[in-house]
Structure formats: structure tokens, C-alpha cells
Amino acid sequence: MRLDASQHMRMEQRMKLAPRMIQSMEILQLPLMALEERIEQELSSNPVLERRESEFEQPDLTPVAGIPQEVVSPSSPSPDDSNTSLQKEITDREIEQYLQDQADWSSMNRGSRMRSSGERDAKMDAMANTAARGESLQEELTLQWDLVEVDERIRRAGYVLIDWVNDAGYILEPMETIGEHLPDGLTVQDLHDALPILQQRLEPVGICARNLQECWLIQIEAWERDKNADLTVPRALVSTYLQDLAMNRLPQIARKSGFTIEQINAGKEFLKHLNTSPGTLLSEDRVPTVTPDAIVEREEETGDYTCRLTDEHTPRLYINEIYKRMAKTKAVDGKTREFISNNIRNARWLIESIEQRRNTLLRVLKVVIEAQKEFLEHGPQFMKPLPMIGVADQLGIHVGTVSRAVAEKYIQTPRGIFPLRMFFTGGTENAEGEAMSWDAVKAKLGEIIANENKSNPLSDDEIVVKLKEQGIELARRTVAKYRKIGNIPPARRRKTF
């Protein structure tokens, strides 16, 4: 095989995004909390950027050692007009001294603001509010097991079993399988001996069960012991008739057990108080806090809806005037001016990107509110289809811009806090030709089921007929799909006796 090296020329078209455009798209996509974090990062890395906490706070132009008053004062001539005198008055040493003094002053001023006004440093505040890593389920159970008085053989077997507890609190693997991984000196019988002690002594009640039936029986036994209650019916339902109960075959349970329907229904109600996943009580994750990016409010007088962004506490940025003048002063050495100019350019891009984010988000929100006004007035059944491409065409922007604008954003409305993306859905038309979103169809289906006769619930075919009477035509399989999405059981399991 012969290998040759050669040169070729060809013409091709490629789309390359400028750094400014990339930054603009990144800023647009950020939710509020991430935007504030990004601003803090830029403030710490870009020396020419400064914050103005309110619209009335002005940049601090106090004279600093090493910089003449002509440079500091905003009323002084521009550097281009007074270049000659500035060249005589500013030296490299003075510039370096100024930069050092400015850094020292910023650090001192930041510390004094924290002490005097109670303002906290953003990074320290974030660290202080970061939740410590919680103990795992196994760590929690091990700490409890350490306090139980048992002989060493049972203790070691208990530690082995704890390692096999899943997040829901169950030990699902057979004892024989666990026995294949035992350390020296332990047997499968040791596991069988340790298991009931774990189930009786560890909390929450029902932990270390091998299935739902055992988990509930452990809880019923504890309830009877602690409350001195008669739970004969719930115990029988769980131990003997759990499958029939899951299929809602109450008449069969009554015929087999001799219990009345009223007793069985009372037993069912009691079972609702039992925990199906006790392990989650120890390893439950923290629910994340949702910060809305915008608030929609209703004007009482006109009935119109208005929208505002919740960025009033986001720092307003500006470029330090001293650095702007230094970038145009020939007395400053070339490398320093290039460094300052690059940072000024980056700062200007950031400020413009943030402002563009605000404008784009407000424009998109205005279209959403106008399209979904009936949802805000009457609820989910009146949600309208709103494709992103339609919003993009209406605003004269790319559909990708709309997608980035709504990504990970939440809005607070009179009906609650919702993901902004939720309002962009497809849909269908009713008999009158009015557009309905799929969410509105799901809400209508839920309303039909909520108002059905529970002693004779509607089948999926009957729900299709009910929807058709309201001008909505859906196939039975579509009804079944939406019912499953809403965690609504089939008719035989919805029936009450």
C-alpha cells in the first residue's frame, strides 16, 4: 500500500456562532437563580464590572490614590480631548498603584458593608445555605442497630441485611441469594434469626420487610400493640385477601370472609394510613424550592392580566467609569489597555445579553398570557394549544429562541406556580371548531370521572361517549392512555360498594 500526502482546496459554507451570540443564548436560557449566580461569577472575575443595587444608586467615582481628579470626575473632558495633560500626569507605576488600591478598597468596602448593613457575602451565604449531605438509609439503620443489644452473631448478620435494604425500605433479594455473599462465620440461618429482630427494633415501623404484605402486617401488629386496637379486619384483608382487595373484589371478600361490606370498607380506609415505602421516611430528599421568574397578576379594575419579572433583586450592572477612561488613555501601557478593553467588551456583552433576556422573556410572556387568558380565568379545562413555532412567527424570532426563553422558567399566576413550558402544548378541536389543548382534554376527562356514579363507574367506552357529547372526539385507547397518565384506575377498581 502506498501513502501519499497532497494538498487540496475546496469551498464550503459553515455556520459559526460568534462568542457574543453564544453568550446571549446562554444568558437567555438561564433561570433567575442561575442568572444571579452567573452575575456573581462575572463580578468576581471582571474588574471593570460593578453592581448598582437600585436604580438610584450611582457609581462611586471617589478619587483614588494615584489617579488624577481629571480621570475620576464624570464632568471632566473626555480622554481624547485632554490626552496631552493626562500623558504627563499618569505613569505606569501610578496605574499599578491604582489597581492595587482599587482591589484593596473593594475588599475593605465589601467587608464594611457586610458589617454595617448586615449584608452577607454571596459566596459565604450560598455555602451557609447549602444543605449538608444527609446520612444514607444504611447509615441511619446502622446507627440504630448499634444500640440494639444482641449477640455478636446476630449483630453481624443484621449488618449484612441492612446493606441489602433498598431505598423504599425493603429487602427484596431471597435469603439464599444474600447468603452467597456472607462473610466467614455466618450462615443463612443467622440471617433468618436476625431479620425479625431488625423488623421489630428498627424504625420506621415496617422497615426491612420483604414485600408489601409483610410491611403492612408489621405495621398492623405495632398498631395493635401500641394502641390496643382491634384490627382483625385489616389484618385479614392484608394476610388473606390482598389480591382481591387490589382488584376491588369486595363482594368476593365478603362472601369468603363473612365480613360485611361496611367492615371491609372501614378496613380499606385504615390501610390508607399505612406506609407503603417506610424507607423514604429516612432517605427522603429535600423538595427543591421553585423561584418564579415572572409573576402574572390580574388588574381588578380592568380584568386584564399583567406580567412582571421577579428580577428586582438581581444586581444592575454598569462599567466602571475610571476603567473606561483608562482604556482610552495613551499614558497607560498597551498591555494594560488591551486587558481593560477586553474586559469592557465582555462586560458590555454581558449587560446587553441580560437586557435582551429581559425583553425576550417579557415579549414571550405577553403572548402566552394573551393566548391562555381563559386558563387564568377558568382553569385547566380552558388551556389553548400554543405551539412554539407560532409564538416565534408572531414575535419574528427563531423558534429556538422561544425554546431557550421558556427553558427551566416558572411563572406565578393567580392559579399557582407553573413551568412556563407547560403553556406550550398541542391540541385538537371540539365540535364547534374551537381549539383545545391536550391538557384541557385531560382536565375534562378528569372532571367526567370525578362526577361519575361511584357505584357504577364509567368504562373507557362510556367516557368516549361522554366526551363526544361535549364536542370532543377521542379514541378509546387515547382515553385509556390519559387515564393512566393521571393515575386513574380502571372502572372496576373505581367502583365503591
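Residues numbered from 1 in each chain as written. Predicted model: local features only at pLDDT ≥ 70, side-chain atom pairs only at ≥ 80, totals over all residues. Heavy atoms only, no water.

Trainee: Which parts of the structure should I look at to understand empty space enclosed by the protein?
Mentor: Gaps left between atoms are located by rolling a probe of water-molecule size over the structure's atoms. According to the stated counting rule, one finds 2 cavities of 30 Å³ or more in the structure shown. In this structure, the second largest cavity spans a volume of roughly 40 Å³. V296, V368, I369, Q372, L376, I411, T413 and F423 are the residues that line the second largest cavity. Mapped by element, the contributors of at least two residues to the lining of the second largest cavity are α18 (334-371) and β5 (410-413). Tallied by class, residues from the lining of the second largest cavity come to 6 nonpolar, 2 polar and no charged. (1 Å grid on protein atoms, 1.4 Å probe; cavity = no way out; pocket = protein on both sides within 12 Å on 5 of 7 lines; lining within 4 Å. Points joined across faces, edges and corners; volume = space filled by probe spheres on them. Helix = DSSP H or I, 4+ residues; strand = E, 2+ residues; numbered from the N terminus. Nonpolar A, V, L, I, M, F, W, Y, C, P; charged D, E, K, R; others polar.)

Trainee: Can you walk me through the pairing of strand β3 (residues 305-309) in this structure?
Mentor: In terms of strand pairing, strand β2 (residues 294-298) meets β3 through 5 bridges, oriented antiparallel. Its bridge partner being in β3, E297 is matched across the sheet by T306. Where β2 folds back onto β3 in an antiparallel hairpin, the turn is made up of 6 residues, including G303, whose phi is positive at roughly 80 degrees. (Pairing = 2+ DSSP bridges.)

Trainee: Explain helix α14 (residues 250-257) here, please?
Mentor: One turn of the α-helix equals 3.6 residues, which is why residues spaced by three or four share an orientation. Considered for burial, the residues of α14 that qualify are L250, I253 and A254. Along the long axis of α14, the arc covered by the buried residues comes to 100 degrees, so they all point the same way. Those residues of α14 hidden inside the fold are in contact with α12 (232-239), α13 (242-246) and α15 (261-271). Immediately downstream of α14, the backbone of G258 shows phi near 85 degrees, a positive value. (Buried < 20%, exposed > 50% of the residue type's maximum accessible area, 1.4 Å probe, protein only. Arc of directions from axis to C-beta. Contact = heavy atoms within 4.5 Å.)

Trainee: Is there a simple way to explain the environment of I207 in this structure?
Mentor: Structurally, I207 can be placed in the loop between α10 (188-201) and α11 (212-227). Sequence spacing of I207 and I171 is 36 residues, and the spatial spacing of their C-alpha atoms is 8.8 Å. Among all residues touching I207, those that are not within four sequence positions of it are L137, L141, G169, L198, Q199, L202, P278 and G279.

Trainee: How should the nonpolar core be read in this particular structure?
Mentor: Nonpolar side chains in soluble globular proteins generally cluster together in the buried interior. Counting residues in each nonpolar core, the largest one holds 28 residues, and the members touching the most others are L420, F423 and F424. Looking at this core, the elements with two or more residues in it are β2, β3, α18, α19 (373-378), α20 (388-395) and α21 (399-406). For this core, the leading source of residues is α18, giving 6 residues. The residues contacting F423, other than those within four sequence positions of it, are V368, Q372, F375, M383, K384, L386, I411 and F418. The next biggest cluster of nonpolar side chains, apart from the first, holds 22 residues, and it includes A157, I162, I178 and L195. (Core = buried A, V, L, I, M, F, W, Y, C linked by side-chain atoms within 4.5 Å.)

Trainee: I'm lost on helix α8 (residues 152-163) in this one. Help?
Mentor: Taking 1.5 Å as the rise per residue, α8 with 12 residues should run 16 Å; its terminal C-alpha atoms sit 17 Å apart, in good agreement. Within α8, the full set of buried residues consists of I154, R155, A157, G158, V160, L161 and I162. The elements touched by buried residues of α8 are α7 (137-146), α9 (175-179) and α10. At the N-terminal boundary of α8, the capping side chain belongs to D151, with an oxygen 3.1 Å from the backbone nitrogen of R153. (Expected span 1.5 Å × (residues − 1). Polar contact = N/O pair within 3.5 Å; in protein donor to acceptor, adjacent residues only side chain to side chain.)

Trainee: What is the right way to look at the side chain of R494 in this model?
Mentor: Take R494: it is sitting in helix α25 (residues 491-494). Within the local environment of R494, its side chain forms a polar contact with the side chain of E452, the two groups lying 2.7 Å apart. A distance of 2.7 Å separates the side chain of R494 from the backbone oxygen of P489, its partner in a polar contact. Contacts of R494, omitting those with residues within four sequence positions, involve N248, I449, E452, K454, P457, L458, I463, R483, I488 and P489.

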